[in-house]
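Geometric and topological summary
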Amino acid sequence: GPRRRRRRGRLSPGAMVIVQQKIREAKKNAKQRAAEKEKEKLNAIFKAADTDGTGDLSSEQVSAAIKEYSGKEPTEQELKFVMKVSDTKPPEGKLRVAEFAD
């Protein structure tokens, strides 16, 4: 019988599925790379703010880090909130790099 010709530029349903999977993978990989870059940036800010090299940040150092990251000085209330929410592990009153980056 006569062969059906595909329209030029059209993909078969199977090919469309593969293309859609590749697009999803690319988006997922891009999100992961962005998250890793953000974490690297926060780690660098932490290191710069850890002026005494103790591996944890006081509220004053956290304030300096927030200013570096956001471009503005946090208010007393904002700083207290950040410390309260982020300071989940010992030593109390100081943030370690994992607390800071999260």
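First things first, this report covers the structure right here in the doc. (Residues numbered from 1 in each chain as written. Predicted model: local features only at pLDDT ≥ 70, side-chain atom pairs only at ≥ 80, totals over all residues. Heavy atoms only, no water.)

Let's shift gears to the side chain of Asp 56. Mapped onto the elements of the fold, Asp 56 is located in strand 1 (residues 56-57). Of the polar contacts made by the side chain of Asp 56, one reaches the side chain of Thr 54; its length is 3.0 Å. If near-sequence neighbours (up to four positions away) are discounted, Asp 56 is found in contact with Phe 46, Asp 50, Gln 61, Pro 91, Lys 94, Leu 95 and Arg 96. (Helix = DSSP H or I, 4+ residues; strand = E, 2+ residues; numbered from the N terminus. Polar contact = N/O pair within 3.5 Å; in protein donor to acceptor, adjacent residues only side chain to side chain. Contact = heavy atoms within 4.5 Å.)

Looking now at helix 3 (residues 76-86). Of all the positions in helix 3, only Leu 79, Met 83 and Ser 86 are classed as buried. The arc enclosing the buried residues of helix 3, seen along the axis, measures out at 85 degrees, which places them on a common side. For helix 3, the exposed residues lying more than 90 degrees away from the buried face are Gln 77, Lys 80, Phe 81 and Lys 84. The secondary structure elements touched by the buried residues of helix 3 are helix 2 (59-70), strand 2 (95-96) and helix 4 (97-101). (Buried < 20%, exposed > 50% of the residue type's maximum accessible area, 1.4 Å probe, protein only. Arc of directions from axis to C-beta.)

Here we take up unusual backbone geometry. Cis geometry marks the peptide bond from Pro 90 to Pro 91; its omega dihedral reads 0 degrees. Structurally, Pro 91 can be placed in the loop between helix 3 and strand 2.

What follows is about the environment of Asp 50. For Asp 50, the location among the structural elements is in the loop between helix 1 (13-49) and strand 1. The exposure class of Asp 50 is buried, given its relative accessible area of 12%. As for Asp 50 and Val 62, which are separated by 12 residues in sequence, their C-alpha atoms are 8.8 Å apart. Ignoring anything within four residues of it in the chain, the contact list for Asp 50 reads Gly 55, Asp 56, Leu 57 and Gln 61.

This paragraph deals with the nonpolar core. Counting residues in each nonpolar core, the largest one holds 12 residues, listed as Leu 42, Ile 45, Phe 46, Ala 49, Leu 57, Val 62, Ala 65, Leu 79, Met 83, Leu 95, Phe 100 and Ala 101. For this core, the secondary-structure elements that each account for two or more residues are helix 1, helix 2, helix 3 and helix 4. No other element matches the four residues that helix 1 contributes to this core. Leaving out residues up to four positions away in the same chain, Val 62 has contacts with Leu 57, Leu 79, Val 82, Met 83 and Leu 95. (Core = buried A, V, L, I, M, F, W, Y, C linked by side-chain atoms within 4.5 Å.)

The subject of this paragraph is the pattern of salt bridges. Two side chains bearing opposite charge may form a pair once their charged atoms approach each other closely. Going through the model one piece at a time under the given rule, you end up with three salt bridges. Of the charged contacts in the structure, one is a salt bridge between Arg 96 and Asp 56, with a shortest N-O distance of 3.9 Å. Of this pair, Arg 96 sits in strand 2 while Asp 56 sits in strand 1, and the two are 40 residues apart along the sequence. Of the residues examined, Arg 96 reaches a relative accessible area of 37% and is grouped as partly exposed. Between Glu 73 and Lys 67 there is a salt bridge, with its nearest N and O atoms 3.6 Å apart. Owing to a relative accessible area of 47%, Glu 73 belongs among the partly exposed residues under this scheme. (Salt bridge = Lys/Arg side-chain N within 4 Å of Asp/Glu carboxyl O.)

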